[in-house]
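# Understanding the architecture of this molecule
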Amino acid sequence: MAASAAVRRAAAVVFLITVLSTKQTYSKHTNVVLVGATGDLAKKYLWQGFFDLYQAEHAEGNTFSFYGGGRNNVEAGGPLLQEIVTESRKCSTEIDSCIQHRENFVEMVKYHRLKSEDDYTELCKTIEENLKQSELEERGRFFYLSVPPFAYPSVSANIHKFCRPKEPEAWLRVVVEKPFGHDLQSAEELVESLSEFFSEEELYRVDHYLGKQAVEEILPFRRGNWDLEAMWNTEHVERVEIVMKETIDVKGRLSFFDSYGIIRDVLQNHLTEILTLVAMDTPQRGNLSDFQQKKLDLYSQIQPLTSEGSLIGQYEEYNSQWQEELKKEDKDSSQSATFAAVVFTINSDRWKDVPFVVTAGKKLDERVGYVRVVFRKLLADENCIERACPHNQVIFHIGHGKLKVPAVLVSKGLPKPVVPMGWVEYEPPADMEIFDLPASAYHVYSPEVIRDAYSSLIESVYRGQSDRFVSSPHLLASWRIWTPLLKELEEKEPRKYPGGKEDSTLQYVLVDDKLYFLSDLIVDRSDAFAFSTSSSTGTLNLATLPSLFRGQRLVSGESDKVITQLANDIKDIALQTLQTKELFHIAFSGGKSPLKLLNYLVLESERMGFPWKQTLIWFVDERCVPHNDERSNFHFVEKNLLRYLDIPMYNVNPMPVGGAYEECDVNGADQHHSKVSNILDGAFDYVLLGVGSDGHTASLFPGSPALQEREKYVAITDATGDVEVKQRMTLTFKSINKSGNVGVLLLGKGKHGIVKKLQDGGVDVEKLPITGVKPKQDSMTWYIDHQALFGQ
């Protein structure tokens, strides 16, 4: 005890000298205690955060004492802490004042063992003696608990019993780190145990993502841009994506991670907190109770999360790392997810039918975090007639990725945003693409000074800004949403993925509020139709199959083999075309015929080396409905191909049918004819056709006047038998037959009838329009699977 008293007296003398050396009179003082002062988090972030606080507040005439606590004795812990504080503190600029502040700060940080009740008693006696000797009035006490959650109750009890400030006006603020429980029950127990010692106003739960500058800007952005806030609803927003991807694995922290998994580690806290800032009704500025209530209101509107609306994955090396690090046997395995995607639906007038998809994963292809608010397409935009209109969007770029810095991006098709104080307009490199669009398509602004999240949050604790932390009611509301899903997912095996590179394994699609891995979609889905690598080779003898159909090349077999060959044929033709031309032009047919091909291209394009950047996409025909209508061929191709691949939207050329339902723009066909004439002289490099049961192809129906069109490449035609959409726009035989290559795709037993009609080789264009397709010799191939060819 005598040695401890000597240390206490020496610390008081050093502290007094430091205070007096500033030659100013101070009236308020803050005592900061970091419990777990030599841990990894403290070393990497927390001491820098406290140094940043000291620098900022010293200039305002505020004083501090800093104490680091650990379980080692002073002889071991003291030098270690001094080394950490000395080596880890950085000045933003190496100016004299900062260097002096750093030297002062290092001298001010003092180590105390904090293991027993006596240790806390000694620490708080030191705090009181320093205040008394320096004649300082205490502003408050700031305890940061950088220790595991199991230590919270004992540390909290000691703080409450021995370390509360004596001054009636002085505050006590205690910070705890996640995880805040493992499920609802454990969170309730943690809340109850902490509430024995601290009021809600004294407790600050840190989610460091809430200190990231782009996340901090979400609510101020909404308040400062009311014209955009007026569009922040289901009428204008199509979907919201909240994403955190990392390239690292979890080696070195498997003991923790295996107990929690990616959902508890990232989605339940970081991404859910961000979602609330995006989706909640805008609270009154500076009104804490209004903020808390609006956040609770949002939680009450979130619909139960389901396993059907969730996907999980695990990188392939996880189990071998788990076995090695945790000393498990080879027969043991873990089902902990390292990737997850979950869709939220919100039952409110503002967000009805708007999916919020949150995604996070370890060992993925890139490190990036962002919030992406994607707006519905404005079909009244004149540019949409000439080419595909990209989605307008607001992006809160949290960090890393291509931009490297925190930023807010707003499409130039939206109102120009107000640049807030402390932020500046930012110009990314001219050749940078962000979500398939050049950076020049956005208004971009970024913080003038880049700040670490912990520095920002430490300052917020000091200022008592509790709206930036997770309150007890909000914590429990979040766990009520997540706990049932976590229990469901315990029975679900995660999808294995290679990890560390771009890969199609984790690509997924949202259909009716449910998430599907693309490769898992079954063939008979009405709205999705995917390639499967595990299909049977079939029972037919391939040697007996014909090699020609109607005198032209035939590719047949099980449907998956047909699709594989078709995809590779198109790729080979594209690469061959690009040897002599700058661009490859392909026109896709409408309807469900090409769906399986589109899904295969999504899954296999990277492996195949398909040249999408040099490919211009056109359409064989189009229904006379807006491009965002489910019946639109453009919408169909966008939903099943374009959104998943790195295809610039200016490479896509939809037919200009206009925005009215059921009736085409009378000038649209002439406009598109002129465009096709000027760019292609009518000749596409590849045209993919389907065939209807009545023999129509494209939208060239039996008996249609368009069958006789000899001058134009594009015509408007009536859709025979379509009770919903009477008119369509279509390529004519003049264009189809001028094209370099034509493929005709027929899949499934339902096509067997029309295949039988076509097998005799006769030509009757009026009754069977497909027989009018006669491109130049050897440039037409029929792709017909066994079911369509043989009816079995």
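The sections below set out a description of the structure shown in this document. Because the structure is a prediction, the values reported are computed rather than measured. (Residues numbered from 1 in each chain as written. Predicted model: local features only at pLDDT ≥ 70, side-chain atom pairs only at ≥ 80, totals over all residues. Heavy atoms only, no water.)

A few words now on the overall build of the protein. Helix and strand counts for the protein come out as 23 helices and 30 strands. The 792 residues of the protein split such that 57% are buried. Of all intrachain contacts in the protein linking residues separated by at least 6 positions in sequence, the fraction that spans at least 24 positions is 77%. In the structure as shown, the protein presents an accessible area of about 34200 Å², 48% of it carried by carbon and sulfur atoms. (Helix = DSSP H or I, 4+ residues; strand = E, 2+ residues; numbered from the N terminus. Buried < 20%, exposed > 50% of the residue type's maximum accessible area, 1.4 Å probe, protein only. Contact = heavy atoms within 4.5 Å. Areas by Shrake-Rupley, 256 points an atom, 1.4 Å probe, with all protein chains shown as cover.)

Our next topic: the packing of helix H5 (residues 117-134) against helix H6 (residues 152-162). Where H5 contacts H6, the two axes come as close as 10 Å, and the packing angle between them is 45°. Of the possible angle classes, the one that applies to H5 and H6 is oblique. Of the two elements, H5 crosses H6, and the hand of that crossing is right-handed. Contacts from Glu117, Tyr120, Thr121 and Cys124 in H5 reach Val155, Asn158, Ile159, Lys161 and Phe162 in H6. A class-by-class count of the residues in the contact of H5 with H6 yields five nonpolar, two polar and two charged. (Axes fitted to C-alpha atoms, helices over the stretch in contact; angles between N-to-C directions. Parallel < 35°, antiparallel > 145°, perpendicular 65-115°, else oblique. Left-handed = near helix turned anticlockwise from the far one by under 90°. Nonpolar A, V, L, I, M, F, W, Y, C, P; charged D, E, K, R; others polar.)

Inspection of the entire model under this criterion finds one disulfide. Two residues, Cys124 and Cys163, share a disulfide whose sulfurs are 1.7 Å apart. Disulfide Cys124-Cys163: torsion about the S-S bond near 90°, hence right-handed. With a gap of 39 residues between them, Cys124 in helix H5 and Cys163 in the loop between H6 and strand E5 (171-177) connect regions that are remote in the sequence. You can call Cys124 buried: its relative accessible area is 4%. (Disulfide = S-S within 2.5 Å.)

So, about helix H17 (residues 559-577). Taking 1.5 Å as the rise per residue, H17 with 19 residues should run 27 Å; its terminal C-alpha atoms sit 27 Å apart, in good agreement. Residues of H17 that are buried: Ser559, Asp560, Val562, Ile563, Leu566, Ala567, Asp569, Ile570, Lys571, Ile573, Ala574 and Thr577. Buried residues belonging to H17 abut strand E22 (552-557), strand E23 (584-588), helix H18 (595-608), strand E26 (686-689), strand E29 (742-746) and strand E30 (780-785). (Expected span 1.5 Å × (residues − 1).)

Okay, helix H16 (residues 472-489) next. At 3.6 residues per turn, the α-helix brings residues three or four places apart onto the same side. The end-to-end C-alpha distance of H16, which contains 18 residues, comes to 25 Å, matching closely the 26 Å that a straight helix rising 1.5 Å per residue would cover. At Trp482, H16 shows its maximal kink, close to 30°; a proline, Pro484, follows between one and four residues later. In terms of burial, H16 is a largely internal element, 13 of the 18 residues being buried. (Bend = angle between axes of the 7 residues up to and from the residue.)

Taken together, the side chains of Glu188, Glu189, Glu192 and Glu196 present a region of like negative charge at the surface. Mapped onto the elements, Glu189 comes out in helix H7 (residues 184-195). (Patch = residues over 30% accessible without salt bridge, like charges linked within 9 Å, V, L, I, M, F, W, Y side chains within 5 Å. Salt bridge = Lys/Arg side-chain N within 4 Å of Asp/Glu carboxyl O. Lys, Arg positive; Asp, Glu negative; His and termini not counted. Charge placed at Lys NZ, Arg CZ, Asp CG, Glu CD.)

So, on to the sheet that holds strand E12 (residues 393-400). Across the sheet, ten strands lie side by side as E14-E17-E13-E12-E11-E7-E10-E9-E8-E18; this open sheet has mixed pairing. In this open sheet, the two strands that pair with only one neighbour each are strand E14 (423-425) and strand E18 (495-497). Direction aside, the axes of adjacent strands within the sheet are offset by 15° on average. Pairing analysis gives seven bridges linking strand E11 (residues 368-375) to E12, with the strands arranged antiparallel. Of the residues in E12, the one forming a bridge with Tyr370 is His397. Against the sheet, H16 engages strand E8 (310-315) and strand E9 (339-344), with an angle of about 130° to E9. (Pairing = 2+ DSSP bridges.)

A word on the packing of aromatic side chains. With the rule as written, the count across this model stands at 31 aromatic pairs. Taking the centre distance of 5.1 Å and the plane angle of 75° together, the rings of Tyr370 and Phe435 count as edge-to-face. Of the two residues, Tyr370 is situated in strand E11 and Phe435 in the loop between strand E15 (433-434) and strand E16 (437-438); the sequence distance between them amounts to 65 residues. Using a relative accessible area of 27% as the deciding quantity, one classes Phe435 as partly exposed. Lying across the ring of Tyr209, Lys212 places its NZ or CZ 5.0 Å from the centre. Of note, Arg495 hangs over the ring of Phe517, and the distance from its end group to the ring centre comes to 4.4 Å. (Phe/Tyr/Trp six-rings, centres within 6.5 Å; stacked < 30°, edge-to-face > 60°. Lys NZ or Arg CZ within 6 Å of the ring centre and 35° of its normal.)

Below, the discussion takes up unusual backbone geometry. In the segment running from Lys178 into Pro179, the intervening peptide bond is cis, with an omega of 10°. Among the structural elements, Pro179 can be located in the loop between E5 and H7. Its identity as a non-glycine residue notwithstanding, Asp353 has a phi of 70°, on the positive side.

With that settled, the discussion passes to the environment of Gln335. Here Gln335 is to be found in the loop between helix H13 (318-325) and E9. The class of Gln335 is partly exposed, set by a relative accessible area of 42%. For the pair Gln335 and Pro494, spaced 159 residues apart in the sequence, the C-alpha separation amounts to 6.6 Å. Excluding its chain neighbours within four sequence positions, the residues that come into contact with Gln335 are Gln314, Glu493 and Pro494.

All right, on to the sheet that holds strand E1 (residues 28-35) then. Reading across from one edge, E3-E2-E1-E4-E5-E6 is the order of the six strands in this open sheet, with parallel pairing throughout. Sheet topology places strand E3 (109-113) and strand E6 (203-206) at the edges, where each strand pairs with a single neighbour. Taking each pair of neighbouring strands and ignoring which way they run, the sheet shows an average axis angle of 20°. Direction of pairing for strand E4 (residues 137-145) relative to E5: parallel, over a ladder of six bridges. Within the sheet, the bridge partner assigned to Gly140 lies in E5 and is Trp171. Docked against the sheet, H6 engages E1, E4 and E5, running at close to 170° with respect to E4.

Counting residues in hydrophobic clusters, the biggest one holds 108 residues, and the most contacted among them are Leu145, Leu267, Phe344, Phe356 and Trp482. At twelve residues, the largest contribution of residues to this core is made by helix H11 (residues 254-279). In this structure, Phe356 is in contact with Val240, Leu275, Val278, Ala279, Val342, Val343, Phe344, Ile346 and Trp351, ignoring residues within four places of it in sequence. Judged by nonpolar contacts, the second largest core, of 42 residues, contains Trp618, Val676, Phe684 and Ala706. (Core = buried A, V, L, I, M, F, W, Y, C linked by side-chain atoms within 4.5 Å.)

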